[in-house]
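Okay, here's what each chain looks like letter by letter:
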Amino acid sequence: MRILDAVKNSLTWKFILWLQRALLVLSSLFVVLIMCVTVLLRYVFKSDLFGMEEIVVIAAFWLYFMGSSYGVYDQSHVKADIIPQLLPPRGRAILAVFMDLVMAVLCILFTVWAIDMVLYSIEWMPRTTGLRIPVFISQSSVLAGYALMSFYAVVHFFDGLFSFLSGAQEGTS
């Protein structure tokens, strides 16, 4: 448990959270600003800004995946929790640890796939059709998001496991 507390109180943990929040705010503002400029140009000035859709998609990718990873950190992601309501407290605790384990394993698997995807994009260097932006820029958001989700999911798993084990030991003494 002390290791997890050290990780959660480390400067690295705080910096990652700060960087995530900054990326969330900046990408949100950027998407809104670009959409406003596009609407203003299209409907007021009867003009068009070439390639804005490509830029908005990249910013949206970063927004979505940083938001998803922040949801895993905050444990505010969507979940169906009807079954835990039907279980006794010990069953709920076991199920919570199991769900954290499954989430950590899946996030790690998706991170590995994201690494392969980004490496493939860097190797073949596909580009967007309009502005010729390398595709790996938007795909890197998938990798960064899943890497952060994996990190947080593993921390939450061990946090829940240690809490369950310490509670189980207290219950037996």
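Quantities reported herein were computed from a predicted structural model and do not represent experimental measurements.

Caption draft 1: Spatial organisation of the overall build of the protein. Counting secondary structure elements, the protein contains six helices and zero strands. From first element to last, N terminus to C terminus, the protein shows the α and β order α-α-α-α-α-α. Summarising its shape, the C-alpha atoms of the protein cover approximately 75 × 40 × 35 Å along the three principal directions. For the protein, buried positions account for 28% of its 173 residues. Sequence-distant contacts in the protein: of pairs separated by 6 or more residues, those separated by 24 or more amount to 79%. For the protein, the accessible surface area stands at approximately 11,200 Å², while carbon and sulfur atoms represent 73% of it. Positive and negative side-chain charges of the protein, numbering 11 and 11 respectively, have mean locations separated by a distance of 4 Å.

Caption draft 2: View of the layout of surface pockets. Roughly 450 Å³ of internal volume is contained in the largest pocket. Along the wall of the largest pocket there are 19 residues; nearest its centre are Gln75, His77, Ala96, Met99 and Asp100. Ranked by residues supplied to the lining of the largest pocket, first place goes to helix 5 (residues 89–124) with 10 residues.

Caption draft 3: Spatial organisation of the side chain of glutamate 54. Relative to the helices and strands, glutamate 54 resides in helix 3 (residues 52–74). One buried charged side chain, glutamate 54, makes no salt bridge at all; its nearest oppositely charged neighbour is arginine 132, positioned 8.1 Å away. Here threonine 128 takes part through its side chain, which lies 2.8 Å from a polar atom of the side chain of glutamate 54.

Caption draft 4: The packing of aromatic side chains, seen in detail. In this structure the tally under the stated criterion is 14 aromatic pairs. Measuring from centroid to centroid gives 5.3 Å for tyrosine 73 and tyrosine 152, while their planes differ by 55 degrees, and the two rings are tilted. Here the residue tyrosine 73 occupies a position in helix 3, and tyrosine 152 occupies one in helix 6 (residues 136–172), the gap between them amounting to 79 residues. Note on tyrosine 73: relative accessible area 21%, which makes it partly exposed. For tyrosine 152, a relative accessible area of 1% gives the class buried. Ring geometry for tyrosine 120 against tryptophan 124: centres 6.3 Å apart, planes inclined by 45 degrees, an arrangement best described as tilted. Of this pair, tyrosine 120 and tryptophan 124 both sit in helix 5, four residues apart, which is roughly one turn of that helix. With relative accessibility at 57%, the residue tryptophan 124 sits in the exposed group.

Caption draft 5: Here's a closer look at the confidence of the model for the protein. Residues of the protein with pLDDT of at least 70 account for 96%, and the chain-wide mean is 91. Confidence scores differ between elements of the protein, with helix 4 (residues 82–86) showing the lowest mean pLDDT of 81 and helix 5 the highest of 95.

Caption draft 6: View of the UniProt feature "transmembrane region" (unreviewed entry) in the protein. Per the UniProt record, "transmembrane region" (unreviewed entry) is found at residues 21–43, 55–73, 93–115 and 135–155. Measuring from the first to the last C-alpha atom of residues 55–73 gives 27 Å, for a span that is 100% helix and 0% strand. End-to-end, the C-alpha atoms of residues 135–155 are 31 Å apart, and along that stretch the chain is 95% helix and 0% strand.

Caption draft 7: Here's a closer look at helix 3. Counted at 1.5 Å a residue, the expected span for helix 3 with its 23 residues is 33 Å, and the 32 Å between its end C-alpha atoms agrees. What helix 3 keeps buried is the set Met52, Glu54, Val56, Ile58, Ala59, Ala60, Leu63, Phe65, Met66, Ser69, Gly71 and Val72. Glutamine 75, located one to two residues past helix 3, shows a positive phi value of around 55 degrees.

Cut-offs applied
Residues numbered from 1 in each chain as written. Predicted model: local features only at pLDDT ≥ 70, side-chain atom pairs only at ≥ 80, totals over all residues. Heavy atoms only, no water. Helix = DSSP H or I, 4+ residues; strand = E, 2+ residues; numbered from the N terminus. Buried < 20%, exposed > 50% of the residue type's maximum accessible area, 1.4 Å probe, protein only. Contact = heavy atoms within 4.5 Å. Areas by Shrake-Rupley, 256 points an atom, 1.4 Å probe, with all protein chains shown as cover. Lys, Arg positive; Asp, Glu negative; His and termini not counted. Charge placed at Lys NZ, Arg CZ, Asp CG, Glu CD. 1 Å grid on protein atoms, 1.4 Å probe; cavity = no way out; pocket = protein on both sides within 12 Å on 5 of 7 lines; lining within 4 Å. Points joined across faces, edges and corners; volume = space filled by probe spheres on them. Salt bridge = Lys/Arg side-chain N within 4 Å of Asp/Glu carboxyl O. Polar contact = N/O pair within 3.5 Å; in protein donor to acceptor, adjacent residues only side chain to side chain. Phe/Tyr/Trp six-rings, centres within 6.5 Å; stacked < 30°, edge-to-face > 60°. pLDDT = per-residue confidence, 0-100. UniProt positions renumbered as here; feature names shortened; annotations may be inferred. Expected span 1.5 Å × (residues − 1).

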